[in-house]
Amino acid sequence: MSICSDPFLGWSLLSPQRSIFSTSQSLRPCESRAIPETPSSAMFRRATAALLRQPVLASARASARALSTDLPAAPTADSAFVEAWRKVTPNIEPPKTPLSFMQPRPPTPSSIPTKITVNFVLPYSSELSQKEVDMVIIPATTGQMGVLPGHVASIAELKPGVLSVHEGNDVTKYFISSGFAFIHGNSYADIIAVEAVPLDRIDAGLVQKGLAEFTQKLSSASTDLEKAEAQIGVDAHSALNSALTG
Amino acid sequence: MAMAALRREGRRFAPLLSPRPIAAVRSSLVSEEDIPFGARSISTQVVRNRMKSVKNIQKITKAMKMVAASKLRAIQIRAENSRGLWQPFTALLGDTPSVDVKKNVIVTVSSDKGLCGGINSTSVKISKALYKLNSGPDKETKYVVLGEKAKAQLVRDSKKNIELTISELQKNPLNYTQVSVLADDILKNVEFDALRIIFNKFHSVVSFLPTMSTVLSPEIVEREAEAGGKLGELDSYEIEGGETKAEILQNLAEFQFSCVLFNAVLENACSEQGARMSAMDSSSRNAGDMLDRLTLTYNRTRQASITTELIEIISGASALEG
């Protein structure tokens, strides 16, 4: 799978995620003096206040769902890197690394947990974040793969298909374009896709039209590049088709 | 004697009078040529011109601040939504900034437009320090520069080390497609063992943290997995997929690079708007201070000229009376 092989580039899933805005803004020294409220500073204050108000609404609405976009409580840093940096350039602070922005994952438990924790992320939003579910079915290139708690650790490449999340009696289905799925030993599953749409938002008529168009393009393709593009279109549309019917 | 004094005063003011038309346009430098023709006393024109230009500057910077604030609001939501994108990769592959490789490529993300405080200089400083850190015998380090501002600074002393420069990134609103095409370009044209992406992570409206993300090439991932340590557990993962493990790792590395680059570009754009907002805010505050000082000077000059006129009149009148 190459990154450019994804045809569904115009879709975007609109689910704005409001994360906890860090309240540790340190005001610059000149802002702390008592100045008469000018319209610009009032607007500035209102803007930051509006940004701060959003988490309250989000947490009320999302019923205190933990967000994967939160900054962690205990940042860590790679000490070897920091030391090497300090030796070479003692005057400049070393840059932060992603490790300090991520919450560490729990180690593999000794007994198999009852639920699997799913993180389903897209470039535009975190669709599911630390959600505990019973089972996930992912469309790997080798076929539909069911993931249960205690699944062996694996890395799976995904093809266009249907991802279904089973929680008790609810099943949520998404059609995803390609991506990757990592299943860790501690019953954590990370699914990264480029685009994902709930199945009820797909228009069957357009799917048929697209399929016909790409099949025709495939038969009339001359260069390898055109053939590859048409093949990708055919694959994706036929997957869509089977998703809608199956 | 009063007349002699008056004549002396007149001689003192003579250089200020210049026989030139008032309608001529001139710059508002503090020079005596800006006094309009026919003014007979100390003129406030110079100060007035300066006040007008400072007031305009204040208005412009205030407007720029509001524009930056509204752009920040829009892009901050997108940047925070994209933060979940790189976390699975770090969870799987760990974070290895101190990995020892032969070919390093430093990808510096910066802005195209200026007036955004010191964030671009910070990125360039860190890139140069990283270059020094990774230099050694039979090691080579190259730059890939995104954005005009870093290019301008790096071209000055590291011109031969710059492999690729990309500008006008934000001409169209940032989206994943564009960044993945860009990532594809970089991966095709640049040989690397480790890619280090330097950007400013948006922590809050007034604080931007320089951050470095590392993406390893599939060969180095294999090497590190065999060596043990953070990536040692990678071998325990089963690879689901028809192709070989090497191909999957290759796809994984490419996907990781495009995801990490997307997040980096969004965070940097966010930091740019935030930095511009605070730079413009302090600029308009400075302009306000300057305007206050100029107003005082203006009033003093005005009052001095009124006093002088009064003195002239009164001494003239008293001279007439005898």
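Our subject is the structure that appears above.
Residues numbered from 1 in each chain as written. Chains lettered and ligands numbered in written order. Predicted model: local features only at pLDDT ≥ 70, side-chain atom pairs only at ≥ 80, totals over all residues. Heavy atoms only, no water.

## Some thoughts on the overall build of chain B
- Within chain B one finds 8 helices and 6 strands.
- For chain B, the α and β elements follow one another from N to C terminus as α-α-α-β-α-β-α-β-α-β-β-α-β-α.
- Taking all 322 residues of chain B together, 49% fall into the buried category.
- Partitioning the intrachain contacts of chain B with sequence separation of at least 6 by distance along the chain shows that 71% fall at a separation of at least 24.
- Accessible surface computed for chain B: about 15500 Å², of which carbon and sulfur atoms make up 55%. (Helix = DSSP H or I, 4+ residues; strand = E, 2+ residues; numbered from the N terminus. Buried < 20%, exposed > 50% of the residue type's maximum accessible area, 1.4 Å probe, protein only. Contact = heavy atoms within 4.5 Å. Areas by Shrake-Rupley, 256 points an atom, 1.4 Å probe, with all protein chains shown as cover.)

## A closer look at the state of the cysteines
- Taken as a whole and assessed by the stated rule, the structure comprises 0 disulfides over all chains.
- Note on Cys116 of chain B: no disulfide assigned, nearest cysteine sulfur contributed by Cys270 of chain B at a separation of 13 Å. (Disulfide = S-S within 2.5 Å.)

## A short note on the packing of helix H7 (residues 218-227) of chain B against helix H8 (residues 245-321) of chain B
Residues and elements named next belong to chain B.
- In the contact formed by H7 and H8, the axes pass within 9 Å of each other and the chain directions differ by 115°. Taken together, the axis directions place H7 and H8 in an arrangement best described as roughly perpendicular. When you trace H7 past H8, the crossing you get is right-handed. Of the residues in H8, those touching H7 at Pro218, Val221 and Glu222 are Lys245, Leu249, Gln250 and Ala253.
- Class assignment for the residues of the contact of H7 with H8 results in 4 nonpolar, 1 polar and 2 charged. (Axes fitted to C-alpha atoms, helices over the stretch in contact; angles between N-to-C directions. Parallel < 35°, antiparallel > 145°, perpendicular 65-115°, else oblique. Left-handed = near helix turned anticlockwise from the far one by under 90°. Nonpolar A, V, L, I, M, F, W, Y, C, P; charged D, E, K, R; others polar.)

## Details of a nonpolar patch on the surface
All names here are of chain B.
- Together, Ile306, Leu310, Ile313 and Ile314 make up a nonpolar patch on the protein surface, roughly 390 Å² of accessible area in all.
- Positionally, Ile306 belongs in helix H8.
- Note on Ile306: relative accessible area 44%, which makes it partly exposed. (Patch = residues over 30% accessible without salt bridge, like charges linked within 9 Å, V, L, I, M, F, W, Y side chains within 5 Å. Salt bridge = Lys/Arg side-chain N within 4 Å of Asp/Glu carboxyl O.)

## Topic: the nonpolar core
- Grouped together as the largest cluster of nonpolar side chains are 72 residues, with contacts concentrated most on Ile197, Phe257 and Leu261 of chain B.
- Looking at this core, the element that brings in the most residues is H8 of chain B, giving 16 residues.
- The contact partners of Ile197 of chain B, leaving out residues within four places of it in the chain, are Val107, Val109, Thr211, Met212, Ser213, Val215, Phe257, Val260, Leu261 and Ala264 of chain B.
- One finds Ala140, Leu163, Val165 and Tyr174 of chain A within the second-largest nonpolar core, a separate group that totals 23 residues. (Core = buried A, V, L, I, M, F, W, Y, C linked by side-chain atoms within 4.5 Å.)

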